[in-house]
Structure formats: C-alpha cells, structure tokens
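Report on the structure
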Amino acid sequence: MAKLSQVDLTDLNRSMEERTPQELLAWAASIFGKRVAIMSAMQKAGSVVCHMASSAKLPLKVLFVDTGVHFQETLETRDRMISDYGLDVITLHPKQTMAEQSAEMGVLYLTPDGQAKCCDLRKTEPLMQATSDYDALISSLRRADGGRRGNVPILSIDTNTQTLKINVLANFGDQEFNDYIVRQSVIVNPLHEQGFSTIGCNRCTTPVLPDEEKRAGRWRHLGPWAMYCGINPTDVDRGGSPAIELPGELIDKILGRNDDFVI
Ligand code: SF4
C-alpha cells in the first residue's frame, strides 16, 4: 500500500476541470472498475449523476443510505432509479430503527450534539459498513450550491471512508444543470417542486422560502449554524493535506504515471 494525499492530486485536479461530468464518470469507471460506486441521497443532483451513468451504460452501483426516516417521495425516487434507469441500487440501513434509538438514547435530533450523534449513527455508520468494498466514491456536490461547497475540488481525499471522492458535478453550473434535467427528462424527487431545495430526513428538513439559502431548510430547528451532517468531508474544514492508503499500482493509474520505460 502507498499513500495518496490531497496535495498529490493538485495537477490532476487542474486537468480534470476541462472534463465534462460524463467524461469524469467514464474516467472513474475505467480506473476503478468494480471498486467505485455512486453515492446518492435521491436529491436531484444525485438523480442527474444516476441518469448520466445509466445513459452511458456504465456498470456503476449506487449506494443509498436509508436512515429509516426519509420522506416517502425519496424512497419512491430510489425505486424509480432501479425500475426506470436499470441501476443496481444498494440500500444501506442503520442498526436500529428511529423508535429503538429514541427509546435507548432519547430524541437525539432535537439538540446540536444529539444531531451530530444521530447523523453519525443513521448516515455515516451505515455508509462505513460498505466502504471497504470501494476505493472511490462518486458524489454529486456542486460549487453552485455555495456555502462550504463553493470550493469543492473534483477529486478529494476522504479519510473517513478511506476513498477518493469524485465530485463529477463540481463545476456544473445552475444553468447547464437545470437544462440537463429538462432536456433529458431526468427523474427528480417530487419534493423539489414543493419548495424543498435540498432533501434529507423527514425529521430535519423543511421547504425554504424563495429568498433563503438553499440549505436553510436543513436542521432549521437547531438554528442557522446547523447546515451539514458531516458525511461529506469537504463540508468540514479539517485543514492540512489529508491522505489515504491505496495499492501503489492504483495510485499510479489514478495519477496517470507510466512506468513502462523503454531504454
Ligand atoms: S438528519 Fe436528523 S433524523 Fe436524519 S440522521 Fe441526521 S439528525 Fe437524525
């Protein structure tokens, strides 16, 4: 095994800026094969990535964390990704139901500390159970969503899951994003049409007013500082140059190094 750090990715990230989301998906599939999957929470950005993968017939699995307290519309969107797009969606579950968790620990999502613990138990832990099967995960974060996502790199190191995160929509602007959804008739979670700009658990997500920030409806009951659950490491400022361990040959492949010298 060898180390791959965020600094190692600097030049590659620069060259990736020229690629379309579809080209980035094809790159991910060619480099990682079965050891890469798409992460989707069944919001519209995730649906766009799923549509692109399905259209290109890329054999990419989709990981969906079912926290047990999703809106019915979110679960139905997941089901349509399977039936209409033919995708292999793997649904991951927390160990306890919300009722069991609340009986044991109280209603965690009502306080800031409790929310962090609840998100950890119901989102991060289920995802972690699956990540040993993958060296890379495809995410759908977009810079156009602003906030901490305003500078998200295309390739980022995720020390939590020990994977390379590939944010294929990072530089996909609002106009081209919305045009793609309309032009391709992408299946999107119907809650987006009901005032939800982002969609998470039914306990912690509300619609937003037209002049509010996109993420104002997340954890509204906890105040404006609670906007991210921490499942995406680029939402949390950890500083430095994080690194993960991957097979040396794979790192060479990622970085485009060629060892086949002819003397
Ligand atoms: S969003 Fe709310 S209900 Fe869902 S896991 Fe986080 S704290 Fe729990």
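Reading the values: rules and limits
- Residues numbered from 1 in each chain as written.
- Predicted model: local features only at pLDDT ≥ 70, side-chain atom pairs only at ≥ 80, totals over all residues.
- Helix = DSSP H or I, 4+ residues; strand = E, 2+ residues; numbered from the N terminus.
- Buried ≥ 20, exposed ≤ 12 C-beta atoms within 10 Å, placed from the backbone.
- Contact = placed C-beta atoms within 7 Å.
- UniProt positions renumbered as here; feature names shortened; annotations may be inferred.
- Pairing = 2+ DSSP bridges.
- Near = placed C-beta within 6 Å.
- Nonpolar A, V, L, I, M, F, W, Y, C, P; charged D, E, K, R; others polar.
- Axes fitted to C-alpha atoms, helices over the stretch in contact; angles between N-to-C directions.
- Expected span 1.5 Å × (residues − 1).
- Arc of directions from axis to C-beta.

**Let's talk about the environment of H93**
Tracing the backbone shows H93 in the loop between β4 (89-92) and α5 (98-105). Residue classification places H93 among the partly exposed residues on the basis of 13 C-beta atoms within 10 Å. When the C-alpha positions of H93 and V65 are compared, they lie 6.1 Å apart, and in sequence the two are 28 residues distant. Apart from residues lying up to four places away in sequence, H93 is in contact with D66, G68 and P126.

**Re the UniProt feature "domain: Phosphoadenosine phosphosulphate reductase" (unreviewed entry) in the protein**
The feature "domain: Phosphoadenosine phosphosulphate reductase" (unreviewed entry), as given by UniProt, occupies residues 37-207 in the numbering adopted here. Across residues 37-207 one finds 36% helix and 15% strand; the C-alpha atoms that close the span lie 29 Å apart.

**Here we look at the pairing of strand β5 (residues 136-139)**
The two faces of β5 match: A136 and I138 on one face and L137 and S139 on the other face are all buried. Bridge count for β5 against strand β7 (residues 163-167) is four bridges, and the pairing is parallel. Looking at β7, one finds that L137 is bridged to K165.

**Considering the site of the ligand**
The local shell around the ligand holds 13 residues, among which Y109, C118, C119, C201 and C204 are the closest. In terms of residue class, the shell around the ligand is made up of seven nonpolar, three polar and three charged.

**A word on the sheet that holds strand β6 (residues 155-158)**
Overall, mixed pairing links the six strands, which are arranged β4-β3-β2-β5-β7-β6 in an open sheet. A strand with exactly one partner marks an edge of an open sheet, and here the two such strands are β4 and β6. Each adjacent strand pair in this sheet contributes to an overall mean axis angle of 30°, direction not counted.

**Notes on helix α2 (residues 21-32)**
Along an α-helix, residues three or four apart share an orientation, since each turn contains 3.6 residues. Under the 1.5 Å per step criterion, the end-to-end length of α2 is 16 Å for twelve residues, consistent within 8% with the ideal 16 Å. All buried positions along α2 are accounted for by P21, L24, L25, A28 and F32. The arc enclosing the buried residues of α2, seen along the axis, measures out at 100°, which places them on a common side. Each element contacted by the buried residues of α2 is listed here: α1 (10-16), β2 (36-39), α3 (44-55), β5 and β7.

**Looking at unusual backbone geometry**
Phi angles above zero are rare outside glycine, and K57 is one such case at about 55°. For K57, a count of 8 C-beta atoms within 10 Å translates into the label exposed. Unlike most non-glycine residues, Q162 shows phi in positive territory, near 55°. Here Q162 shows up in the loop between β6 and β7. Residue class for Q162 comes out partly exposed when judged on the 15 C-beta atoms lying within 10 Å of it.

**So, α3**
With twelve residues, α3 should cover 16 Å at 1.5 Å per step; its first-to-last C-alpha distance of 16 Å lies within 8% of that length. Counting buried residues in α3 gives ten out of twelve residues, a clear majority hidden from the surface. Looking at the buried residues of α3, the elements they touch are α2, β2, β3 (61-65), α4 (72-83), β5 and α7 (174-183). Of the residues trailing α3, K57 is marked for its positive phi of about 55°.

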